[in-house]
Amino acid sequence: MHVHIVIQEELFDLKKESDALIKASGDAGALVLFQGMVREFDQAVQLEKMMLEHFPGVTEKEITRIILKAKQKWDIAGCRVIHRVGAFYADDPIVLLMVTAKHRLHAFLAAEYIMDYLKTEAPFWKKEFLQDGENYWVAAKKSDQEILARWQEPDSE
Amino acid sequence: MITITYFGNLKDQLQCSEETIAWESGDTESLLTMLRERGALWAQALAPENIFRVVVNEEITFSVTEIVSGDRVALLPPVTGG
């Protein structure tokens, strides 16, 4: 399986990244691509900017672990994660996750699984700066944790 | 000696991003106990009910883990990426 993880400040290029993944994936019939962007109105006051920081080295290791866990569940051919850090404004792309597989269902499910765990286990922290001057670290959402329940299997693995 | 790095809101709350402390032997639990004994601010920030993770030498620990002199420890508040 082709795995490629990059944490960078620069903007990524969807076409370039997806072409590289398809090329590295061999005989894949499906590509699922997810891009996350900065939301402007998550609270009453409009967002001025957002800062995202991470734990270099450990972040890449954790995302790799999550991808390998997904590989045990679905037959995926390749996975690329480009996660940006630094300062962001409304609509800025933050994360690009792409999964290739022979069949679309595997690509869809693996992409959702990797994204759900990335949000709850990869060491990234967001700090939001509002237009009224207030700033705070974004608290972890209980809903993100609850979403993980959908991957729990009733029988022991 | 061990080095401790603090991330996210822990860094701001504790007004500390990295420190080096004397260390003979112990584990992740005894380190947390020691840090909580520094005072109300530390006890509150590192309260057991706040879910945060301890990293030892770039490995996230999911259970009590031994720490030896020379190790690099990091304390991670709940993550909010993606």
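Going by the annotation in an unreviewed UniProt entry, the name recorded for chain B is MoaD/ThiS family protein, with Ignatzschineria rhizosphaerae given as the source organism.

By the naming in an unreviewed UniProt entry, chain A is Molybdopterin synthase catalytic subunit, taken from Ignatzschineria rhizosphaerae. Word for word, the UniProt comment on chain A under Catalytic activity (unreviewed entry) is "2 [molybdopterin-synthase sulfur-carrier protein]-C-terminal-Gly-aminoethanethioate + cyclic pyranopterin phosphate + H2O = molybdopterin + 2 [molybdopterin-synthase sulfur-carrier protein]-C-terminal Gly-Gly + 2 H(+)". Listed in UniProt under the heading Subunit (unreviewed entry), the comment for chain A reads: "Heterotetramer of 2 MoaD subunits and 2 MoaE subunits. Also stable as homodimer. The enzyme changes between these two forms during catalysis."

A. Representation of the overall build of chain B. The helix and strand inventory of chain B stands at 3 helices and 7 strands. For 82 residues, the compact-globule estimate of 2.2 N^0.38 gives 12 Å, and the C-alpha radius of gyration of chain B, at 12 Å, lies within 12% of that figure. Taken over the C-alpha atoms alone, chain B extends approximately 35 × 30 × 20 Å along its principal axes. Burial statistics for chain B: of 82 residues in total, 48% are counted as buried.

B. Representation of the sheet that holds strand E5 (residues 86-88) of chain A in the model. All names here are of chain A. The 4 strands are arranged E5-E3-E7-E8 in an open sheet whose pairing can be described as antiparallel. Whereas interior strands pair on both sides, the edge strands pair on one side only; in this sheet they are E5 and strand E8 (135-137). Across the sheet, the mean angle separating the axes of adjacent strands is 20° when strand polarity is ignored. As paired strands, strand E3 (residues 47-54) and strand E7 (residues 124-130) are joined by 7 bridges and run antiparallel to one another. Pairing of Lys49 across the sheet is with Phe129, part of E7.

C. Here's a closer look at the nonpolar core. In terms of nonpolar packing, the biggest core is built from 36 residues, with Ile63(A), Val81(A), Leu97(A), Val99(A), Ile114(A) and Phe124(A) touching the most fellow members. Contributions of two or more residues to this core are made by strand E1 (2-8), strand E2 (30-37), E3, helix H2 (58-73), strand E4 (76-84), strand E6 (93-101), helix H3 (104-121) and E7 of chain A. The element best represented in this core is H3(A), accounting for 8 residues. Apart from residues no more than four positions distant in its own chain, Phe124(A) is found in contact with Ile7(A), Leu52(A), Glu53(A), His54(A), Thr59(A), Ile63(A), His83(A), Val85(A), Leu118(A), Val79(B), Thr80(B) and Gly81(B). Grouped together as the second largest cluster of nonpolar side chains are 20 residues, Leu10(B), Leu14(B), Leu35(B) and Val73(B) included.

D. Region of interest: the interface of chain B and chain A. Contact with chain B, which involves 19 residues of that partner, is made by 26 residues of chain A. Taking both partners together, chain B and chain A bury about 1800 Å²; carbon and sulfur atoms supply 59% of that area. Considering only the side of chain B, the residues that lose the most area to chain A are Val79(B), Thr80(B) and Gly82(B), jointly responsible for 34% of the buried surface there. Along the contact surface separating chain B from chain A lie 4 salt bridges. The tally of links between chain B and chain A comes to 11 residue pairs in polar contact (both at pLDDT 80 or more). For the side of chain B that touches chain A, the secondary structure elements donating two or more residues are helix H1 (8-14), strand E4 (53-56), strand E5 (59-60) and strand E7 (72-76) of chain B. If one sorts the elements of the side of chain B that touches chain A by residue count, H1(B) sits on top with 4 residues. Looking at the side of chain B that touches chain A, its residues break down into 9 nonpolar, 5 polar and 5 charged.

Reading the values: rules and limits
Residues numbered from 1 in each chain as written. Chains lettered and ligands numbered in written order. Predicted model: local features only at pLDDT ≥ 70, side-chain atom pairs only at ≥ 80, totals over all residues. Heavy atoms only, no water. UniProt positions renumbered as here; feature names shortened; annotations may be inferred. Helix = DSSP H or I, 4+ residues; strand = E, 2+ residues; numbered from the N terminus. Rg over C-alpha atoms; globule rule 2.2 N^0.38 Å. Buried < 20%, exposed > 50% of the residue type's maximum accessible area, 1.4 Å probe, protein only. Pairing = 2+ DSSP bridges. Axes fitted to C-alpha atoms, helices over the stretch in contact; angles between N-to-C directions. Core = buried A, V, L, I, M, F, W, Y, C linked by side-chain atoms within 4.5 Å. Contact = heavy atoms within 4.5 Å. Buried area = accessible area lost by both parts, 1.4 Å probe. Salt bridge = Lys/Arg side-chain N within 4 Å of Asp/Glu carboxyl O. Polar contact = N/O pair within 3.5 Å; in protein donor to acceptor, adjacent residues only side chain to side chain. Nonpolar A, V, L, I, M, F, W, Y, C, P; charged D, E, K, R; others polar.

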